[in-house]
Amino acid sequence: MHFGLKNVGSTYQRMVTRMFELQLGRNMEAYIDDMVIKSKRIEDHLVDLEETFSVLRRHKLRLNVSKCSFGVATNNEAEFEALLPGAQMVRQLGGEMVDFYCDSRLIVGQVNGEFEVRDERMQKYLNRVKCALKMFKSFKVRQIPRGQNAHADSLAMLATSLGLKLLRAVMMEDLMSSSLASVPTIGIHNIQVGPSWMDLIITFLKHGLLPEDKVQAEKVRRSAPHYWLSKEQNLYKCSYSRPYLLCVHPEAVEPMLEELHEGKWAEELPHVLWTYRTTPRRSTGETPFSMTYGMEAVIPLESGFLTLKSKQYSVEGNHHTLLDNLDTIEERREVANVKMASYQQNLKQTYDKGVKLRPLMPGALVLRKVVGTAKNPA
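(A) Inspection of the overall build of the protein at higher detail. The helix and strand tally for the protein stands at 14 helices and seven strands. Looking at the protein alone, contacts between residues at least 24 apart form 55% of all its contacts between residues at least 6 apart. Counting only carbon and sulfur atoms, one obtains 58% of the accessible surface of the protein, whose full area is about 30,400 Å².

(B) Spatial organisation of the environment of S39. As for its placement among the helices and strands, S39 is situated in the loop between β2 (35-37) and α2 (45-58). Sequence-distant contacts of S39, defined by excluding residues within four places in its chain, comprise D44, H45, D48 and A73.

(C) Expanded view of the pattern of salt bridges. Counted under the stated rule, the structure contains six salt bridges. Where K137 meets E96, a salt bridge forms, and the shortest distance between an N and an O atom there is 3.2 Å. Note that K137 is positioned in the loop between α5 (120-133) and β4 (138-143) and E96 in the loop between α3 (75-92) and β3 (97-102), a separation of 41 residues in sequence. For K137, a relative accessible area of 68% gives the class exposed.

(D) Looking closely at helix α14 (residues 329-352). Taking 1.5 Å per residue as the helical rise, α14 with its 24 residues ought to reach 34 Å, and the 34 Å between its terminal C-alpha atoms agrees with that figure. Turning to α14, the residues buried within the fold contact α10 (288-293) and α13 (315-327).

(E) Local environment of the environment of R26. Position of R26 among the secondary structure elements: in the loop between α1 (8-19) and β1 (28-30). With a relative accessible area of 28%, R26 lands in the partly exposed category. Distance in space between the C-alpha atoms of R26 and D119 is 8.1 Å, their sequence separation being 93 residues. Setting aside chain neighbours within four positions, we find R26 in contact with K38, E51, K206, H207 and G208. A distance of 3.2 Å separates the side chain of R26 from the backbone oxygen of H207, its partner in a polar contact.

(F) Up close: the nonpolar core. In this structure, F80, F100, V111, V129, L133 and V141 are the most contacted members of the largest nonpolar core, which totals 19 residues. Considering each element in turn, this core owes the most residues, six residues, to α5. Core analysis: the second largest hydrophobic core is formed by ten residues, V16, L24, I37 and L49 among them.

(G) Region of the structure containing the packing of aromatic side chains. Summed over the entire model, instances satisfying the criterion amount to four aromatic pairs. Ring geometry for W197 versus Y227: centroids 6.1 Å apart, planes at 55 degrees, classification tilted. You can see W197 sitting in the loop between α6 (150-156) and α7 (198-207) and its partner Y227 sitting in strand β5 (residues 227-229), a full 30 residues away along the chain. By relative accessible area, W197 is classed as partly exposed at 44%. Plain terms: the ring middles of W274 and F289 are 5.8 Å apart, the flat faces sit at 70 degrees to each other, and that makes the pair edge-to-face. On the criterion of sequence distance, the pair formed by W274 in helix α9 (residues 250-277) and F289 in helix α10 is long-range, its members being 15 residues apart. The partly exposed category is assigned to W274, whose relative accessible area is 34%.

(H) Layout of the confidence of the model for the protein. When pLDDT is averaged across the protein, the result is 76; 73% of the residues are at 70 or more. Looking across the protein, the model is least confident in α6, with a mean pLDDT of 56, and most confident in α14, with 91. Below a pLDDT of 50 lies the segment residues 159-169, which in the model reaches three contacts outside its immediate sequence neighbourhood of four places, other chains included. For the stretch residues 186-191, pLDDT sits under 50, and the model shows zero contacts to residues farther than four places along the chain or on other chains.

(I) Geometry of the sheet that holds strand β6 (residues 235-238). With respect to topology, three strands assemble into an open sheet ordered β5-β6-β7, the strand pairing being antiparallel. Two strands lie at the open edges of the sheet, namely β5 and β7 (244-246), each paired on one side alone. Strand-to-strand, the axes of this sheet are offset by a mean angle of 35 degrees, without reference to chain direction. Here β6 runs beside β7; their pairing, made up of three bridges, is antiparallel.

(J) Looking closely at the environment of A217. One can find A217 in helix α8 (residues 214-223). We classify A217 as buried; its relative accessible area is 9%. On a C-alpha basis, the gap between A217 and F204 in space is 9.6 Å, while along the polypeptide they are 13 residues apart. Other than its neighbours up to four places away in sequence, A217 contacts L210 and P211.

(K) Region of interest: a nonpolar patch on the surface. Residues L269, V272 and L273 make up a contiguous nonpolar surface patch of roughly 190 Å² in combined accessible area. In this structure, L269 sits in helix α9. The partly exposed category is assigned to L269, whose relative accessible area is 31%.

(L) Main features of α7. If you check which residues of α7 are buried, you get M198, I201 and F204. Within α7, the buried residues cover an arc of 135 degrees as seen down the axis, which keeps them to one side. Where α7 is buried, its residues meet α8, β5 and β6. Immediately downstream of α7, the backbone of G208 shows phi near 75 degrees, a positive value.

Calculation rules
- Residues numbered from 1 in each chain as written.
- Predicted model: local features only at pLDDT ≥ 70, side-chain atom pairs only at ≥ 80, totals over all residues.
- Heavy atoms only, no water.
- Helix = DSSP H or I, 4+ residues; strand = E, 2+ residues; numbered from the N terminus.
- Contact = heavy atoms within 4.5 Å.
- Areas by Shrake-Rupley, 256 points an atom, 1.4 Å probe, with all protein chains shown as cover.
- Salt bridge = Lys/Arg side-chain N within 4 Å of Asp/Glu carboxyl O.
- Buried < 20%, exposed > 50% of the residue type's maximum accessible area, 1.4 Å probe, protein only.
- Expected span 1.5 Å × (residues − 1).
- Polar contact = N/O pair within 3.5 Å; in protein donor to acceptor, adjacent residues only side chain to side chain.
- Core = buried A, V, L, I, M, F, W, Y, C linked by side-chain atoms within 4.5 Å.
- Phe/Tyr/Trp six-rings, centres within 6.5 Å; stacked < 30°, edge-to-face > 60°.
- pLDDT = per-residue confidence, 0-100.
- Pairing = 2+ DSSP bridges.
- Axes fitted to C-alpha atoms, helices over the stretch in contact; angles between N-to-C directions.
- Patch = residues over 30% accessible without salt bridge, like charges linked within 9 Å, V, L, I, M, F, W, Y side chains within 5 Å.
- Arc of directions from axis to C-beta.

Encoded structure:
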């Protein structure tokens, strides 16, 4: 119940993210109206539940018992296991367009790209499903209420109800092993690298573990929110200008620089310059591109996301906006010059705070820097 409050959903999501900060991505996933406790091993499930309920009791958050279900976290695998042979069967029958129905909102969201998959095993299932769906000209994966999924549930329970008299023949297939067991392995040449500063942050983001040293643990805890670990296990840092920067292992820096000097730098230079020209300067708050052309640039990646700004875009309205920007460009440049002067003044004041005044009198001894190999500086 939202009691007339606004943005209840986003406020609740931020609250849950704050509460379960150390569990998210490790043994728990939190969504808008659902929380899932996931355990890689059956014997760890009770420990993960105990950790979750201790957080709930500490923050005095109560659950609706009628909407809670407990059990070993294998239902998602069963959903994928049913989806894979279903897609193969439809393709063998010559189907080119297919609609899949599933009562799991999590699975539907992951297949459609709405939810992120953080579990390594579920990611393997998702990759196999996406490869299978590429065989069709068009496909849709939709969620249906569980009440409307009774027919599929009955088919799923046939293995334990063979004594019933069926009105029609139903073909059944028993899967004795996981579909992932048949995935061929590919040999990978591993490059051994030594430890680095990235290891502590990756361990904390992936497993929630901190170093034993309290000072070092606090340092990792403070810096971890500024980093993001992708599903490919690449570490990124969120810069102050907001783009994510890839963190490179120190031992891989030198080979990378060698490749750049061999000629790849010329290929990357336009992208680097474009990033520089479209990044707001701290001194002025404006981008060099906007100060030159009077308008901001839209990067190709931004145009691929559906936002309120892109949804309300119109050619005529955009044309008038560009004309307004050109009319006010001189004023914006003057404001940028004022900000630049203020920024330089603040830098000077900060630098001058570390300068100690020492008045000199005639005959005082001072140090003189000798440049080069001059024997007699006088």
